[in-house]
Amino acid sequence: MGYSMFSEKPLPFIVKDKCNLTMATAVLHETARVAPISLKYYGFCFENGSYTVKLHFNEIASSEQKRSTIRPRRVFDVDIQGMNKQKNYNIEEATADANGDKTLQYNVTIESQLEIHLYWSGNGSIFYPANYGPLISAISVVQVPKHPHKLSTALKAGITGSLLFFLALLLLLLWKLGYLGGKRSSNEELKATELFPGGVYNFSQIKVATQNFNAVNKLGEGGFGPVYKGLLPNGTMIAVKQLSAKSKQGIREFVNEIGTISALQHPNLVKLMGCCAEDNELLLVYEYMENNSLDRALFGSEELKSRLNWLTRVKIILGIAKGLTYLHEESKLKIIHRDIKPTNILLDKELNAKIADFGYAKLNEGEQTHVITRIAGTTGYMAPEYAMRGYLTPKADVYSFGVVTLEIVSGRNSASYRPSDQTVYLLDLAYVLHENGNLTELVDPKLGTDFSWTEADAILKLAMMCTNPSPTLRPTMSEVVNVIEGKTKIKATSSTDHRSTDEIALTKAMAALSQSSQSESNSAAGPSEATPSYSKSNISNEV
């Protein structure tokens, strides 16, 4: 398993090359199995007993890299029956026998099933070249003949005592090396360095910066874990995201986020300053965002809500759109974020929007059909074709952007809770208002009349296009940016194209809308009864 962001094509799991060995079994070494991250072999239906497992290696894939200016290193671990047998094995540095054969041999007890696992565990090359993970040429498994004579009681006792003594020595050695709670070895600490060169922090630095992860410095909690504010000795403010033991995400997402965001640079993407993988901690260090997340600005802090005037909301919407345009169309690596929502949109001191949390990000493979079996994201923001069929394209992010835009304009969460235990989703409410031609009634009442009527109508219609159930009818993010900036116009599809398939949800939305209209009948006049205010934004008033 495993994939590389630096390969535009699916990677081959078999490599072939002449090995120039002299032994009779040389043909076995001319073909090898290889993977970017992990190879696992299973053997079934073995007779219970002792076996000799012999692994054969020959570095036949290195010839393709000889002309490279970067010297790659293929380093991987070997586990058998779930136990580590070899740490940091390097085929090129291993000693060969007289025939040129490089082998690892182990005596293994098998009960019905054999499992052999070769995997990259933090050392050696991983991002370059594309397919430089574990490689193996052949495996042989031979049963050890059963000895007909039984061991005497005294001999058994002697063997047991020797094993216990050896085990005690082994545990002491492991403790000294740091694998049982002591200091971690320097090789383990180098893991983060290889993942993110030039931006590695040690755990003691992070502890000092966050005052030992003091609750006072806690900024929030995400799917990855808690986020803390920190202060470096040079006066730089940072935000530290800590992998929680209870997190649904793990090392895969940790590595994925580092590998993804370190290759991306844009004003509307949060900047990853470094990472830490030390003392059993996985930490990501980001630039500090003074105004926390869009979620807190819209639904939490009253002080921030008061600063979200109409021009600021349009600026935030445009910033998110530009960030997604860069991910989908402008960056060297075309990325699908998969989890666009207000908690993953951060706001800096001037309330500029920056997209964060790339733990679920996926490399876009262009024309190739991309069906995902492991769905990742947040209910309410996931496009229907992705949530139901696992079909993933950049249009899934466009859908999420449309939902977030509705939240920004309306000041409402995507799920609004009503009396009598009824739940009305914002998108269903928007469908009803769109059908009735009253879409601008979604505009946040806190804005009063201080917003542009035509601008709000255009942005809301654009959001409805982005949330179209059919991905082919959604605009691209670059088209969204051009419309908001007034450079182009997009002709909206018929409102009937937006009808929800959930008729019960629409019925609830209509009932809630009716109740809302009655309760607000005595409120102040809305923008429909006042002159639309002037806005500096260039958005077209025709969509």
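From a predicted model like this one, the values you see are computed outputs, not experimental measurements. Throughout, residues of each chain are indexed from 1 in the direction in which the sequence is written. Totals for whole chains, interfaces and linings use every residue, but because this is a predicted model, local features are given only for residues with pLDDT of at least 70 and side-chain atom pairs only at 80 or more, for both listing and counting. The side-chain numbers reported here are obtained from all heavy atoms of the structure, hydrogens and water having been left aside.

With that settled, the discussion passes to the environment of Asp428. Numbering goes from the N terminus for both helices and strands, where a helix is a DSSP run of H or I of at least four residues and a strand is a run of E of at least two. Within the secondary structure, Asp428 is located in helix H10 (residues 426-435). Taking the C-alpha atoms as reference, Asp428 lies 9.5 Å from Ser414; in sequence the two are 14 residues apart.

Among the buried residues, those of types Ala, Val, Leu, Ile, Met, Phe, Trp, Tyr and Cys that are joined through side-chain atoms within 4.5 Å form a nonpolar core. Buried means the residue's accessible area, taken with a 1.4 Å probe over protein chains only, is under 20% of the maximum for its type, while exposed means over 50%, and partly exposed covers the values in between. With 68 residues, the main nonpolar core has Ile320, Phe401, Leu406 and Leu442 as its most contacted residues. For this core, the element with the most residues is helix H7 (residues 310-330), which contributes ten residues. In what follows, residue pairs with any heavy atoms lying within 4.5 Å of each other are defined as contacts. Beyond its immediate stretch of four places on either side in the chain, Leu406 contacts Leu426, Leu427, Ala430, Leu442, Leu460, Ala463 and Met464.

What follows concerns the sheet that holds strand E6 (residues 83-90). Strand order across the open sheet formed by four strands is E3-E8-E5-E6, with antiparallel pairing between neighbours. Looking along the sheet, the strands with just one partner apiece sit at the ends: strand E3 (38-43) and E6. Going across the sheet, the axis of each strand differs from the next one's by a mean of 15°, ignoring polarity. Pairing of E3 with strand E8 (residues 114-119) involves six bridges; the strand directions are antiparallel. Directly across from Leu39, in E8, lies its bridge partner Leu118. For two strands to be treated as a pair, DSSP must find no fewer than two bridges joining them. Note on geometry: axes are C-alpha line fits, over the in-contact stretch for helices, and angles between N-to-C directions span 0 to 180 degrees.

Pairs were defined over the aromatic rings of Phe, Tyr and Trp, the Trp ring being its six-membered one, requiring ring centres within 6.5 Å. Orientation was assigned from the angle between planes: stacked under 30 degrees, edge-to-face over 60, tilted for the rest. According to the stated counting rule, one finds eight aromatic pairs in the structure shown. Aromatic side chains Tyr42 and Phe44 sit 6.1 Å apart centroid to centroid with 10° between the ring planes, which places their arrangement in the stacked category. Note on Tyr42: relative accessible area 45%, which makes it partly exposed. Using a relative accessible area of 55% as the deciding quantity, one classes Phe44 as exposed. Ring centres of Phe213 and Tyr228 lie 5.3 Å apart, and the angle between their planes is 75°; this geometry places the pair in the edge-to-face category. Remark: Tyr228 occurs in strand E12 (residues 226-231) and Phe213 occurs in the loop between helix H3 (203-209) and strand E11 (218-221); sequence separation between them is 15 residues. For Phe213, a relative accessible area of 13% corresponds to the buried category.

Moving on, we come to the side chain of Asn468. Summarising the element assignment, Asn468 is placed in the loop between helix H11 (453-466) and helix H12 (477-484). Here the side chain of Asn468 touches Ser470 through a polar contact of 2.9 Å, landing on its backbone nitrogen. Counting of polar contacts relies on pairs of N or O atoms within 3.5 Å, with two restrictions inside protein: one atom must be capable of donating a hydrogen and the other of accepting it, and residues adjacent in sequence are counted only when both atoms are side-chain atoms.

Here the focus is the pattern of salt bridges. We define a salt bridge as a contact between a side-chain nitrogen of Lys or Arg and a carboxyl oxygen of Asp or Glu at a distance within 4 Å. Applying the stated rule across the entire model yields twelve salt bridges. Note that Arg74 and Glu59 form a salt bridge whose closest N and O atoms lie 2.7 Å from each other. Taken together, the residues span a long stretch of sequence, with Arg74 in the loop between strand E4 (49-57) and strand E5 (75-80) and Glu59 in the loop between E4 and E5 at a distance of 15 residues. As far as the burial class goes, Arg74 and Glu59 line up, both buried. Lys87 is paired through a salt bridge with Asp77; the nearest N and O atoms lie 2.9 Å apart. With Lys87 in strand E6 and Asp77 in strand E5, this pair connects stretches of sequence that are ten residues apart. The class for Asp77 is buried, based on a relative accessible area of 1%.

Relative orientation of the contacting elements H7 and H11 amounts to 30°, with a least axis distance of 12 Å. The angle between the axes of H7 and H11 places the two elements in the roughly parallel class. Both H7 and H11 take part in a crossing whose hand is left-handed. Together, Trp310, Val314 and Ile317 of H7 and Glu455, Ala456 and Ile459 of H11 make up the contact between the two elements. Ten residue types, Ala, Val, Leu, Ile, Met, Phe, Trp, Tyr, Cys and Pro, are classed as nonpolar, four, Asp, Glu, Lys and Arg, as charged, and the remainder, Gly among them, as polar. Grouping the constituent residues of the contact of H7 with H11 by class yields five nonpolar, no polar and one charged. For classification, angles of less than 35 degrees are called roughly parallel, those exceeding 145 degrees roughly antiparallel, those between 65 and 115 degrees roughly perpendicular, and all remaining angles oblique. By the definition used in this description, the sense in which the near helix is turned from the far one sets the handedness, with an anticlockwise turn below a right angle giving left-handed and a clockwise turn giving right-handed.

Whenever strands of a sheet pair, they do so through backbone hydrogen bonds, lying parallel or antiparallel. Spatially, the three strands line up as an open sheet ordered E7-E4-E10, and their pairing is antiparallel. Looking along the sheet, the strands with just one partner apiece sit at the ends: strand E7 (102-110) and strand E10 (138-143). Neighbour-to-neighbour, the strand axes of the sheet open up by a mean angle of 20°, direction not taken into account. Bridge count for E4 against E7 is nine bridges, and the pairing is antiparallel. By the bridge assignment for E7, Lys54 is matched with Gln105.

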